[in-house]
Amino acid sequence: MSKIRKAYKVRLKTNDELERKLVRISGSTRFLWNKSLAMNLERLERDQGILWYNELAFWMKVWKGSEEYGFLGECPSQILQQKLMDLERAFRDCFDRKQPLKRLPVFKKKGMADSIRFPQGFKIDNRRIFLPKIGWVGFYKSREILGKVKNITLTRRAGRWYASIQTEQDIEIGKHPSDSVIGIDAGIKCFAAFSDGTLVEGVNSFRRHEQALAREQHRLARKQKGSENWNRQKRKIARLHHRIANVRGDFLHKLSTEVSKNQARVYVENLNIRGMSGSARGTEEEPGSNIKAKAGLNKSILDQGWFEFRRQLVYKLAWQGGSLEEVDARNTSLRCSCCGHIEKRNRKSQAEFVCLSCGKEQHADVNAAINILTVGQTGMACGSNRNSGRKQELARNREGVLPVA
Ligand SMILES: [Zn+2]
């Protein structure tokens, strides 16, 4: 038996009064976060030690009792305590040598990702949730919520409130029903390429939504900042972002479910290496080509999609008794998957791979996916001539992400 955690996201049925209450609570937690963070940043500047949870909880009590910050008392204590724990975790992560990418926590701005986490004190009925100091709140139920509820987080996205219900359940994880293995490469012309030759195109509507987004953002720029019209336009853009996220979410979930059911082991390239070395603009001798078209929104949407896809694969494969494994991606886009010849000129264009040694022609991303599979199965990286070649390849990979259309 293994314990697995699963999150269910449901939309809350809110009314004006409830929304005002939630906004006040998230305002209080934001205030507490920012005030505690400011205190700690000041201490850091003066070379004093950080205040951890216990000290911060002491200060919180002091603030609650004061006239100025007494409004904190309206907020359920456990939510405030949770925020302080989150802050402590954020500081610990950023001082953790094993997590070099973590940065200092930042101040929270109003309206940006409001979230309220309830670690306890809640109840769940068939179609409603009980939250301390808030009461019963109905939600739109889309599927059965299974397992023991561990915590509930409320978030506001594009003017709507959602509850993410985290549960834990015991399940029997056996052997994966299939014994097939596959290599997957983050595509350059498409969302992903599989070593069996499948090309996953991605969602057509990204393009359409992106164009709409660009148009609306252009409109926003022409409005007076802070005006009624500007605010309305801001909300419109938030809704559009939300819609894009939903479309992408559906697409990624379908894909990761299918892959995790059919493949016992999935190999992908190691993103830590890719994320930390190589510049997005390429090297001096070999500047990243076509930077403009690939930069910005398209790229960020695709990149986020790829990270999320991997994240989903990790846990969905685990549920099935399968696994996701990272491999050294060195030269996987330059090596011929047929004869092993490595040469930069093998890669004719972004989509085309023609081996200069054996003449094998193949979609460049599929060729890379086959190499990833080979590296995964043999445990040996594709040979590397010199380090700079690898850096350039990494740079190209980072740059080479094109919009899915
Ligand atoms: Zn070849």
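These numbers were taken from a predicted model, which means no experiment stands behind them. (Residues numbered from 1 in each chain as written. Predicted model: local features only at pLDDT ≥ 70, side-chain atom pairs only at ≥ 80, totals over all residues. Heavy atoms only, no water.)

A word on the overall build of the chain
Argument step 1. The helix and strand inventory of the chain stands at 10 helices and 14 strands.
Argument step 2. Relative to its full complement of 405 residues, the chain shows a buried share of 43%.
Argument step 3. Summarising the internal contacts of the chain: among those between residues at least 6 apart in sequence, 71% fall at separations of at least 24.
Argument step 4. When the accessible surface of the chain is totalled, it reaches about 22,000 Å², and 48% of it is carbon and sulfur. (Helix = DSSP H or I, 4+ residues; strand = E, 2+ residues; numbered from the N terminus. Buried < 20%, exposed > 50% of the residue type's maximum accessible area, 1.4 Å probe, protein only. Contact = heavy atoms within 4.5 Å. Areas by Shrake-Rupley, 256 points an atom, 1.4 Å probe, with all protein chains shown as cover.)

A look at the pairing of strand β11 (residues 265–269)
Argument step 1. Of all 5 residues in β11, 4 are buried, a share of seventy percent or more.
Argument step 2. Sheet topology note: the strand β8 (residues 181–186)/β11 ladder contains 3 bridges and is parallel. If you follow G183 over to β11, its bridge partner there is Y267.
Argument step 3. The sheet contact formed by β11 and strand β12 (residues 323–327) spans 5 bridges and is parallel. Of the residues in β12, the one forming a bridge with Y267 is E325. (Pairing = 2+ DSSP bridges.)

Details of the packing of aromatic side chains
Argument step 1. Counted by the stated rule, this structure contains 11 aromatic pairs.
Argument step 2. When the ring of F58 is compared with that of W59, the centres are 5.7 Å apart and the planes differ by 75°; the resulting orientation is edge-to-face.
Argument step 3. For the ring pair F191 and F251, a centre distance of 5.3 Å and an interplane angle of 80° mean the geometry is edge-to-face. Taken together, the residues span a long stretch of sequence, with F191 in the loop between β8 and β9 (192–194) and F251 in helix α5 (residues 228–262) at a distance of 60 residues.
Argument step 4. Put simply, the rings of F191, F251, W306 and F309 touch in pairs and so form one group of aromatic residues.
Argument step 5. The cationic tip of K108 hangs over the ring face of W33; the distance from NZ or CZ to the ring centre is 4.0 Å. (Phe/Tyr/Trp six-rings, centres within 6.5 Å; stacked < 30°, edge-to-face > 60°. Lys NZ or Arg CZ within 6 Å of the ring centre and 35° of its normal.)

Description of the side chain of N367
Argument step 1. Positionally, N367 belongs in helix α9 (residues 364–378).
Argument step 2. Polar side-chain contacts of N367 include one of 2.8 Å to the backbone oxygen of R335.
Argument step 3. With sequence-adjacent residues up to four places away left out, N367 is seen in contact with T332, S333, R335, C336, S337, F353 and Q362. (Polar contact = N/O pair within 3.5 Å; in protein donor to acceptor, adjacent residues only side chain to side chain.)

A closer look at the coordination of the zinc ion
Argument step 1. Coordination of the zinc ion by the protein comes from C336 (SG), C339 (SG), C355 (SG) and C358 (SG), over a distance range of 2.3 Å.
Argument step 2. Coordination at the zinc ion is tetrahedral, judged from the 4 donor atoms that bind it and the angles of 105 to 113° they form at the metal.
Argument step 3. Along the chain, the residues donating to the zinc ion fall in the pattern C-x2-C-x15-C-x2-C. (Donors = N, O, S within 2.8 Å, 3.2 Å for Na, K, Ca; no water. Tetrahedral: all angles 85-135°; square planar, octahedral: opposite > 155°, others 65-115°.)

Section: the sheet that holds strand β1 (residues 2–12)
Pairing between sheet strands relies on hydrogen bonds along the backbone, with the strands arranged either parallel or antiparallel.
Argument step 1. Pairing in this open sheet of 7 strands is antiparallel, and the strands run β2-β6-β7-β1-β5-β4-β3 from one edge to the other. In the strand order of this sheet, the two ends are held by β2 (115–118) and β3 (123–124), each with one partner.
Argument step 2. For strand β6 (residues 148–157) and strand β7 (residues 160–171), the ladder comprises 9 bridges, and the chain directions are antiparallel. Looking across to β7, one finds that K148 is bridged to E168.

Looking at the confidence of the model for the chain
Argument step 1. Mean pLDDT for the chain: 81, with 83% of residues reaching 70 or above.
Argument step 2. Low pLDDT, under 50, characterises residues 273–298; the predicted model gives this stretch 45 contacts beyond four residues in sequence or across chains.
Argument step 3. Within the model, pLDDT remains below 50 along residues 384–405, and this stretch shows 69 contacts once partners closer than five positions in the same chain are excluded. (pLDDT = per-residue confidence, 0-100.)

Remarks on the sheet that holds β12
Argument step 1. Reading across from one edge, β10-β9-β8-β11-β12 is the order of the 5 strands in this open sheet, with mixed pairing throughout. The sheet terminates laterally at β10 (199–200) and β12, the two strands that pair on one side only.
Argument step 2. Bridge count for β8 against β9 is 3 bridges, and the pairing is antiparallel. From the neighbouring strand, A186 faces β9, where its bridge partner is A192.

Section: the packing of helix α1 (residues 16–45) against helix α3 (residues 77–94)
Argument step 1. Direction vectors running N to C along α1 and α3 enclose 35°, while the axes themselves pass 10 Å from each other. Note on packing geometry: the crossing formed by α1 with α3 is right-handed. Mapping the contact onto sequence places I25, S28, T29, L32, W33, S36, L37, N40, L41 and L44 in α1 and I79, L80, K83, L84, D86, L87, A90 and F91 in α3.
Argument step 2. Residue composition of the contact of α1 with α3, by class: 12 nonpolar, 4 polar and 2 charged. (Axes fitted to C-alpha atoms, helices over the stretch in contact; angles between N-to-C directions. Left-handed = near helix turned anticlockwise from the far one by under 90°. Nonpolar A, V, L, I, M, F, W, Y, C, P; charged D, E, K, R; others polar.)

Comments concerning the state of the cysteines
Argument step 1. Per the stated rule, a full pass over the model turns up 0 disulfides.
Argument step 2. With no disulfide partner, C338 has as its closest neighbouring cysteine sulfur the one in C358, 4.3 Å distant. (Disulfide = S-S within 2.5 Å.)

Let's talk about the pattern of salt bridges
If charged atoms from side chains of opposite charge come close, those side chains can pair.
Argument step 1. Enumeration according to the criterion identifies 16 salt bridges in this entry.
Argument step 2. The partner of K150 in a salt bridge is E168, and the shortest N-O contact between them spans 4.0 Å. Placement of K150 in strand β6 and of E168 in strand β7 is noted, with a sequence separation of 18 residues between them. (Salt bridge = Lys/Arg side-chain N within 4 Å of Asp/Glu carboxyl O.)

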